[in-house]
Amino acid sequence: MARGKLRIYLGAAPGVGKTYAMLAEAHRRVERGTDCVVAFVEHHGRPRTEVLLHGLEQVPRRQLEHRGAVFGEMDVEAVLRRRPAVALVDELAHVNVPGSRNTKRWQDVEELLATGIDVVSTVNIQHLESLGDVVESITGVRQRETVPDEVVRRADQIELVDMSPEALRRRMAHGNIYQPDKVDAALSNYFRPGNLTALRELALLWVADRVDEYLNAYRSEHRVSKIWGSRERIVVGLTGGPEGRTLIRRAARLAEKGAGGEVLAVYIARSDGLTSASPKELAVQRTLVEDLGGTFHHVVGDDIPAALLDFARGVNATQIVLGSSRRKAWQYVFGPGVGATVARDSGPDLDVHIVTHEEVAKGRGLPVARGGRLGRARIAWGWAVGLVGPAVLAVLLNTVDLGLANDMLLFLAVTVAAALLGGLLPALASAAFGSLLLNYFYTPPLHRLTVADPKNIVAIAIFFGVGMSVASVVDLAARRTHQAARLRAESEILSFLAGNVLRGETSLEELLERVRETFAMESAALLERESDVAPWTCAGRAGLGPPLERPEDADVDMPVGDHMALALTGRVLPAEDRRVLAAFAAQAAVVLDRRRLREEADRARALAEGNRIRTALLAAVSHDLRTPLAGIKAAVSSLRSEDVAWSEEDRAELLEGIEEGADRLDHLVGNLLDMSRLQTGTVTPLIREIDVDEVVPMALGGVPEDSVWLDVPETLPMVAVDPGLLERSVANLVENAVKYSPRGRRVLVAASAIADRVEVRVVDRGPGVPDEAKDRIFEPFQRYGDAPRGAGVGLGLAVARGFAEAMGGTLTAEDTPGGGLTMVLTLRAAGARPEPLPAGAGGAEPERQTLC
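If you're wondering where the values come from, they're calculated on a predicted model, not measured in any experiment.

### Looking at the overall build of the chain
Part 1 of the reasoning: Per the secondary structure count, the chain includes 23 helices and 25 strands.
Part 2 of the reasoning: Taking all 852 residues of the chain together, 48% fall into the buried category.
Part 3 of the reasoning: Across the chain, every contact between residues at least 6 apart in sequence was considered, and the portion connecting residues at least 24 apart equals 72%.
Part 4 of the reasoning: Of the roughly 41,200 Å² of accessible surface on the chain, 55% is carried by carbon and sulfur atoms.

### What about unusual backbone geometry?
Part 1 of the reasoning: At Arg 83, a residue that is not glycine, the phi angle is positive and equals roughly 50 degrees.
Part 2 of the reasoning: Among the secondary structure elements, Arg 83 is positioned in the loop between helix 3 (76-82) and strand 6 (86-89).
Part 3 of the reasoning: In this structure, Glu 91 takes a positive phi of about 55 degrees despite not being glycine.
Part 4 of the reasoning: Relative to the helices and strands, Glu 91 is located in the loop between strand 6 and helix 4 (105-114).
Part 5 of the reasoning: The class for Glu 91 is buried, based on a relative accessible area of 1%.

### Remarks on the sheet that holds strand 19 (residues 708-711)
Part 1 of the reasoning: With respect to topology, five strands assemble into an open sheet ordered 19-21-22-24-23, the strand pairing being mixed. The strands lining the two open edges of the sheet, one partner per strand, are strand 19 and strand 23 (810-815). Each adjacent strand pair in this sheet contributes to an overall mean axis angle of 20 degrees, direction not counted.
Part 2 of the reasoning: As paired elements, strand 23 and strand 24 (residues 821-828) share six bridges and run antiparallel to each other. Looking across to strand 24, one finds that Glu 814 is bridged to Thr 822.
Part 3 of the reasoning: Where helix 22 (residues 723-740) meets the sheet, it contacts strand 19, strand 21 (747-754), strand 22 (757-763), strand 23 and strand 24, and its direction lies at approximately 170 degrees from that of strand 24.

### Topic: a nonpolar patch on the surface
Part 1 of the reasoning: Together, Ile 379, Trp 383, Leu 387, Val 388, Val 392, Leu 396 and Leu 425 make up a nonpolar patch on the protein surface, roughly 620 Å² of accessible area in all.
Part 2 of the reasoning: In terms of residue count, the dominant contributor to the nonpolar patch is helix 14 (residues 376-397) (six residues).
Part 3 of the reasoning: Following the sequence through the fold, Leu 387 ends up in helix 14.

### A few points about empty space enclosed by the protein
Part 1 of the reasoning: The tally for this structure, following the rule as stated, stands at three cavities of 30 Å³ or more.
Part 2 of the reasoning: Taken as a whole, the second largest cavity spans an internal volume of roughly 50 Å³.
Part 3 of the reasoning: Taken together, the elements giving at least two residues each to the lining of the second largest cavity come down to helix 7 (165-173) and helix 9 (193-221).
Part 4 of the reasoning: Of the residues that constitute the lining of the second largest cavity, the class distribution is seven nonpolar, no polar and two charged.

### Looking at a negative patch on the surface
Part 1 of the reasoning: A contiguous patch of negative charge on the surface is contributed by Glu 648, Glu 649, Asp 650, Glu 653, Glu 656, Glu 659, Glu 660, Asp 663 and Asp 666.
Part 2 of the reasoning: Tracing the backbone through its elements, the reader meets Asp 663 in helix 20 (residues 648-680).

### A closer look at the confidence of the model for the chain
Part 1 of the reasoning: Taken over all residues, the pLDDT of the chain has a mean of 78, while the share at 70 or more is 79%.
Part 2 of the reasoning: The least confident element of the chain, judged by mean pLDDT, is strand 25 (residues 850-851) at 30; the most confident is strand 6 at 94.
Part 3 of the reasoning: Predicted confidence for residues 363-372 stays below pLDDT 50, and this span has 25 contacts to residues more than four positions away or in other chains.
Part 4 of the reasoning: Across residues 833-852 the pLDDT falls below 50, and counting only partners more than four positions away or on other chains, this stretch makes 89 contacts in the model.

### Quick notes on a positive patch on the surface
Part 1 of the reasoning: Judged by side-chain charge, Arg 249, Arg 250, Arg 253 and Lys 257 come together as a positively charged surface patch.
Part 2 of the reasoning: By the element assignment, Lys 257 lies in helix 10 (residues 244-257).
Part 3 of the reasoning: Residue class for Lys 257 comes out exposed when judged on its relative accessible area of 66%.

### Some remarks on the pattern of salt bridges
Part 1 of the reasoning: Under the criterion given, the structure shown has 28 salt bridges.
Part 2 of the reasoning: Where Arg 82 meets Asp 35, a salt bridge forms, and the shortest distance between an N and an O atom there is 2.7 Å. Taken together, the residues Arg 82 in helix 3 and Asp 35 in the loop between helix 1 (18-31) and strand 2 (36-40) connect sequence positions 47 residues apart.
Part 3 of the reasoning: Its salt-bridge partner being Asp 162, residue Arg 200 comes within 2.8 Å of it at the nearest N-O pair. Of this pair, Arg 200 sits in helix 9 while Asp 162 is found in the loop between strand 8 (157-161) and helix 7, placing the two residues 38 residues apart along the sequence.

### Observations concerning helix 4
Part 1 of the reasoning: Of all 10 residues in helix 4, seven are buried; the element is thus mostly enclosed.
Part 2 of the reasoning: Those residues of helix 4 that sit buried are Arg 105, Trp 106, Asp 108, Val 109, Glu 110, Leu 112 and Leu 113.
Part 3 of the reasoning: Just downstream of helix 4 lies Gly 116, where phi reads positive at about 95 degrees.

### Side note on the packing of aromatic side chains
Part 1 of the reasoning: One pass over the full model with this rule turns up zero aromatic pairs.
Part 2 of the reasoning: When the ring centre of Phe 40 is taken as origin, the NZ or CZ atom of Arg 61, which lies over that ring, is 4.2 Å away.
Part 3 of the reasoning: Above the face of the Phe 778 ring, Arg 801 is positioned so that its terminal group lies 4.0 Å from the ring centre.

### Here's the deal with the side chain of Asp 149
Part 1 of the reasoning: If you trace the backbone, Asp 149 turns up in helix 6 (residues 149-153).
Part 2 of the reasoning: Despite its burial, Asp 149 pairs with no opposite charge, the nearest such side chain being Arg 153 at 4.9 Å.
Part 3 of the reasoning: Residues contacting Asp 149, with those up to four places away along its chain left out, are Leu 128, Glu 129, Ser 130 and Trp 206.

### Details of the sheet that holds strand 16 (residues 556-559)
Part 1 of the reasoning: Taken together, four strands build an open sheet; the order of strands is 15-14-17-16 and the sheet is antiparallel. Pairing within the sheet leaves two strands with one partner each, and these edge strands are strand 15 (537-543) and strand 16. Here the average twist between neighbouring strands, direction ignored, is 15 degrees.
Part 2 of the reasoning: The strands touched by helix 18 (residues 508-518) are strand 14 (523-528), strand 15 and strand 17 (564-569); relative to strand 15, the strand with the most contacts, the crossing angle is about 55 degrees.

### Examining helix 22
Part 1 of the reasoning: For helix 22, spanning 18 residues, the distance from its first C-alpha to its last is 26 Å, which sits close to the expected 26 Å at 1.5 Å a residue.
Part 2 of the reasoning: Residues of helix 22 that are buried: Pro 723, Leu 725, Leu 726, Ser 729, Val 730, Ala 731, Asn 732, Leu 733, Val 734, Asn 736 and Ala 737.
Part 3 of the reasoning: Regarding helix 22, its N-cap is Asp 722, as a side-chain oxygen of that residue lies 2.9 Å from the backbone nitrogen of Gly 724 further along.

Calculation rules
Residues numbered from 1 in each chain as written. Predicted model: local features only at pLDDT ≥ 70, side-chain atom pairs only at ≥ 80, totals over all residues. Heavy atoms only, no water. Helix = DSSP H or I, 4+ residues; strand = E, 2+ residues; numbered from the N terminus. Buried < 20%, exposed > 50% of the residue type's maximum accessible area, 1.4 Å probe, protein only. Contact = heavy atoms within 4.5 Å. Areas by Shrake-Rupley, 256 points an atom, 1.4 Å probe, with all protein chains shown as cover. Pairing = 2+ DSSP bridges. Axes fitted to C-alpha atoms, helices over the stretch in contact; angles between N-to-C directions. Patch = residues over 30% accessible without salt bridge, like charges linked within 9 Å, V, L, I, M, F, W, Y side chains within 5 Å. Salt bridge = Lys/Arg side-chain N within 4 Å of Asp/Glu carboxyl O. 1 Å grid on protein atoms, 1.4 Å probe; cavity = no way out; pocket = protein on both sides within 12 Å on 5 of 7 lines; lining within 4 Å. Points joined across faces, edges and corners; volume = space filled by probe spheres on them. Nonpolar A, V, L, I, M, F, W, Y, C, P; charged D, E, K, R; others polar. Lys, Arg positive; Asp, Glu negative; His and termini not counted. Charge placed at Lys NZ, Arg CZ, Asp CG, Glu CD. pLDDT = per-residue confidence, 0-100. Phe/Tyr/Trp six-rings, centres within 6.5 Å; stacked < 30°, edge-to-face > 60°. Lys NZ or Arg CZ within 6 Å of the ring centre and 35° of its normal. Expected span 1.5 Å × (residues − 1). Polar contact = N/O pair within 3.5 Å; in protein donor to acceptor, adjacent residues only side chain to side chain.

Set out below in structure tokens:
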């Protein structure tokens, strides 16, 4: 069955019109005869959005009860039974109510797509998982409802619903987004112009990157090599010399002048190995380019200008930044240099900037590069000297008589020159041609190809042998130089790679991307299987090529052990490159194994922590829970005894002991259960707006009267919390403070508003806690000082902090001025986080509760 298509309307903030645009698209499709239904859409009380729902078929929602409230969620089974061609699903990042078919709504959407149903959905940029930290730094609000970026990136269509911050704030002020009583708080908090502008920029850049991916995929699919300057992408050519930092900063300034500019620094390891690259300097330059927001690339290439241009065209670059050559003036006799060659061959679509720097014409640390083994130009000169040189020399020697010995030495010099320039073949040709000329013009009988004197035959033979020997030595030296240089280039690549892997700086996907770039391939994938007959699975891949089902389908495959292989598509690699590829494959296997070992270690750590908690629970049960049970049993046995006549005062005292023991048991068991819920991650706060003065007084029921002084003003803003969790947190804090406060000194519970948060402070005058122990007291089963075993199992503060963090708040400990300890519980004010915000694309109704 063909997978359905996903279309997403993406917005920068609630209220930009994503749901409205989705419903308008649905009406257009219905008019064209498409079977389109509303699987789940929230209009949030907005009249214009609600009107668009008229005329569209709506699938009834599934009603679920959670914590005494009833919620309506998308009925996935009903949609699957109805099986429309297109389903509208609002708020892609929404978290479903416990008891739903799936935990997240995007998982519901994946089910619909898998059955061939097309889905149109909405999402806000702040709900993308990778942008959570960025959005929190901008707005101060942490998004608890997120959707993986890959889910959105896989969408067949992404349409940006854009609106300027000023227009959005006008909509807000007119009451078109939130209820009138929430407009002022929203405008002064989340919907500030700066916040909206930053979120809008995030949305625009994210969509631009997505469009860039589409463009690269299209260019790869259609083999488009011509540069399309859709955005400024600047390639910086690095040599490893000191001028690299200047080039990187210059390229970064160029990128800032264009919208969406991108910097790619590339170092090409030349196979002749005669460039003066400093590994230390390259590491510094890599750090610099990454700090400036660019990327660093390491590529092997025999011809530096060609490799640089191929890389630039491969990434669709628009500009290349190079430094002025560091070569001396006399070194230009060996060629025009990289900069001039790149500028000559770049073509009309690729601009080349030659940047001056302080190292111009100061020379290189190592000899200048001269091509592969000898280079085409050098070989051509060798053939010219080997063939033309003997003829010119013969013409000159015909005008003067120097004797046969001198003639032979001159012809030998020309042969040696041809060998030094062109290697073996030009030298052999020069020796053969020179021998013929010596025999014809200078060996009696003259002008005949015969030799009368046997000594002359020996001389000509020696001449030919010396020429061949010199040519062989030059060719052997060139080949050895080429091999050594290539090994050096390979070692640079491998040492650079191994350093990253050992430091843990390279993930599997990054390593495969490095392989793809290094060998100029279209895609790279690491395939594995469990046995010889099991199917291959992809452990990781990079590039835009088609997915591979078997290593045999690739252009290059490198086995790694018996059940793993590195597969590349794009071209066939020469045999000499497979040695480096084998090292890359081994490193990829190491990275994969390390990732799995890390996952195993994380699971083992979680199991160890769980075992520690269970051991501590058993220790608590063995003593702290048995103590009140023993007291209760003793009191009950005494009351039931018929041998003793108890007075009313004695009976009252025994009953009071039973009640105290039961209360203590209830408190201990409650903390144990709460800690278990926190450890297993099953705490799901039901956030709603409530006044602090409604909750805090209810938390004081477990402490003696007149032991707490309450100072909670009624004018405090409302907070977004789970009332039950807040009550338990405050109760544990107050009980802990009363336990350690001196007799006659009351504990102060005060609340105040600071900026966009509300702080509840529990202040005692007890012994206090040293600074180094302030964090440790919040760990489970920690009891300060020499507290007796009957004082509790040490879970109260751990439970309080766990509940506070589950509600999006914090709990810290401070010193009380004058002695004692102050617990500071920080909660988000309701206005600091508009309630529609967590609900995905369009917000939530005021009465709808958000589940985290």
